[in-house]
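Topology and contacts: notes
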Amino acid sequence: MDNLKKRLEKAKGKWTEEFPGVLWSYGTTPKISTGFSPFTLAYGTEAVIPAEGKIACGIKVFDKMTKMGIQPNAITCNTLIHGLCRTGQVGPALQLKNNMSKWNRRPDGFSYNAIIDTLCKGGLLDQAMVLFTEMLGDSNVVPGVVAYNILINGFGNSGRLKEAKRLFDEMVSRGISADLTTYNSMIDGHCVHGQQEEARRCFDEMVDRGISPDTVTFNVLIDSHCNDGMTEDAWGLFKLMDKINIPPDQFTFNSMMDGLCLVGRLQDAVQLFDSMVDRALNRMFSITIQ
């Protein structure tokens, strides 16, 4: 605290301009006595710079803080990287990651994953792979299932399914277990590009490995099967959901009813609609009693 006071005194008449940076640094720096920052103790979470218009304010405060000689910690850098990525400013986020060494900080998995995710969502898959390769070569970072899931989802959505499968196999070879998100990404990629058999193979493999599918898994499969005219297969999946106690949501019902209508099974679609209404009423009644 004394050092911060000295910095404000040094600013003299401009202390009001310097104060936000000093306050940010103090509030987000972990204290030796507690191991947590004042912000974390007050709000139960780390500071997150708001997206959109307010990110500019966060950048301004960060710049002032560094110009004053206050070294940002990894949490502060990652907070800003996250904010930049949320607003699509991947270039500045990458530059900030590369500059962390100036403050004796090193990027971690969060730093890499945030930027890789933004690159993938923007369709910049090759650039994402360049950064991932750098991540693999960083001795201080061990890529986990999250990093692989981001890439698998990105390549799958873009139709580059062979590369998605290669990443899947590489992940397993490194001893990283695929999770529900991994399989949902693979299934979705195959379904989006009309590879229903491969999607079902992934589904069967997931179940065989003891990973329980969720509503999202079934929604992807049912919607894709219905769109391709495979209504009976979709109906079988819909009944399987009920059998293994996975609740359908509105999207599930809408996809199944649409599929039934497309093949002229209007009566079945009406019955399914009535079933959806009954489930909704029963759920509302149950909540009211509780």
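Residues numbered from 1 in each chain as written. Predicted model: local features only at pLDDT ≥ 70, side-chain atom pairs only at ≥ 80, totals over all residues. Heavy atoms only, no water.

**Topic: the side chain of serine 224**
Where we set the bar: We count a stretch as a helix when DSSP gives it H or I for four or more residues in a row; a strand needs E for two or more, and each element gets its number in order from the N terminus. Per-residue accessibility, obtained with a 1.4 Å probe over protein chains only, is compared with the maximum for each type, and a residue is labelled buried under 20%, exposed over 50%, and partly exposed between these values. The contact rule is simple, with two residues in contact once any of their heavy atoms fall within 4.5 Å.
Its place among the elements puts serine 224 in helix H13 (residues 215–227). On the accessibility criterion, serine 224 (8% relative accessible area) is buried. With residues up to four places along the chain from it excluded, the contact list for serine 224 reads Cys191 and Gln196.

**Thoughts on the nonpolar core**
Using the following cut-off: Take the buried residues of types Ala, Val, Leu, Ile, Met, Phe, Trp, Tyr and Cys, join any two whose side-chain atoms come within 4.5 Å, and each joined set is a nonpolar core.
Judged by nonpolar contacts, the single largest core of 66 residues is most densely connected at Ile116, Phe132, Leu151, Ile187 and Ile222. Apart from the residues within four sequence positions on either side, leucine 151 is in contact with Ile116, Cys120, Ala128, Met129, Phe132 and Leu167.

**As for the side chain of asparagine 219**
Rules: The term polar contact refers here to a pair of N or O atoms within 3.5 Å; inside protein, the definition further demands a hydrogen-donor-capable atom paired with an acceptor-capable atom, and it admits residues adjacent in sequence only when both atoms are side-chain atoms.
Its place among the elements puts asparagine 219 in helix H13. Its relative accessible area of 8% is what places asparagine 219 among the buried residues. Engagement of the side chain of asparagine 219 in a polar contact is seen with the side chain of aspartate 249, the distance being 3.2 Å. Asparagine 219 has contacts with Asp249, Phe251 and Thr252, leaving out every residue within four places of it along the chain.

**Let's talk about the packing of aromatic side chains**
Let me state the cut-off plainly: Aromatic pairing here means that ring centres of Phe, Tyr or Trp (its six-membered ring) are within 6.5 Å. Orientation follows from the plane angle: under 30 degrees is stacked, over 60 is edge-to-face, and everything else is tilted.
Considering all chains together, one arrives at six aromatic pairs under this definition. A centroid spacing of 5.1 Å and a plane angle of 75° characterise the contact between phenylalanine 132 and tyrosine 148, whose relative ring orientation is edge-to-face. In this pair, phenylalanine 132 is assigned in helix H8 (residues 125–137) and tyrosine 148 in helix H9 (residues 145–157), connecting sequence segments 16 residues apart. Accessibility classification places phenylalanine 132 together with tyrosine 148 in one group, the buried group. Of the aromatic side chains, those joined through ring pairs into one cluster are Trp235, Phe238 and Phe253.

**Some words on H8**
To keep things clear, this is the line we draw: To estimate how far a helix should extend, the number of its residues minus one is multiplied by 1.5 Å.
Along its 13 residues, H8 runs 18 Å from first to last C-alpha, staying within 8% of the 18 Å computed at 1.5 Å per residue. Buried residues along H8 sit in contact with helix H6 (90–99), helix H7 (109–121), H9 and helix H10 (161–173).

**Here's the deal with the packing of H9 against helix H11 (residues 180–192)**
Which entries qualify depends on this criterion: Lines fitted to the C-alpha atoms define the axes, with helices restricted to the stretch that makes contact. Angles between their N-to-C directions range from 0 to 180 degrees. Each angle receives one of four descriptions, namely roughly parallel if under 35 degrees, roughly antiparallel if over 145, roughly perpendicular if within 65 to 115, and oblique otherwise. Residues are grouped as follows: nonpolar covers Ala, Val, Leu, Ile, Met, Phe, Trp, Tyr, Cys and Pro; charged covers Asp, Glu, Lys and Arg; every other residue, Gly included, is treated as polar.
Between H9 and H11, whose axes approach to 8 Å, the crossing angle comes to 10°. Taken together, the axes of H9 and H11 lie roughly parallel to each other. Contacts between H9 and H11 involve Val145, Asn149, Ile152, Asn153, Gly156 and Asn157 on the former and, on the latter, Thr181, Thr182, Ser185, Met186, Asp188 and Gly189. Taken together, the residues of the contact of H9 with H11 sort by class into three nonpolar, eight polar and one charged.

**Details of the environment of asparagine 78**
Relative to the helices and strands, asparagine 78 is located in helix H5 (residues 74–86). Its relative accessible area of 8% is what places asparagine 78 among the buried residues. In this structure the C-alpha to C-alpha distance between asparagine 78 and lysine 97, which are 19 residues apart in sequence, comes to 8.3 Å. Sequence-distant contacts of asparagine 78, that is, excluding residues within four places in its chain, are made with Asp108, Phe110 and Ser111. For asparagine 78, the side chain forms a polar contact with the side chain of serine 111, separated by 2.5 Å.

**Comments concerning H5**
Across its 13 residues, H5 extends 18 Å between first and last C-alpha, which sits within 8% of the 18 Å expected from 1.5 Å per residue. For H5, every residue scored as buried is listed here: Thr76, Cys77, Asn78, Thr79, Leu80, Ile81, Gly83, Leu84 and Cys85. The backbone nitrogen of isoleucine 75 has a side-chain oxygen 3.2 Å away, supplied by the residue at the start of H5, namely asparagine 73.

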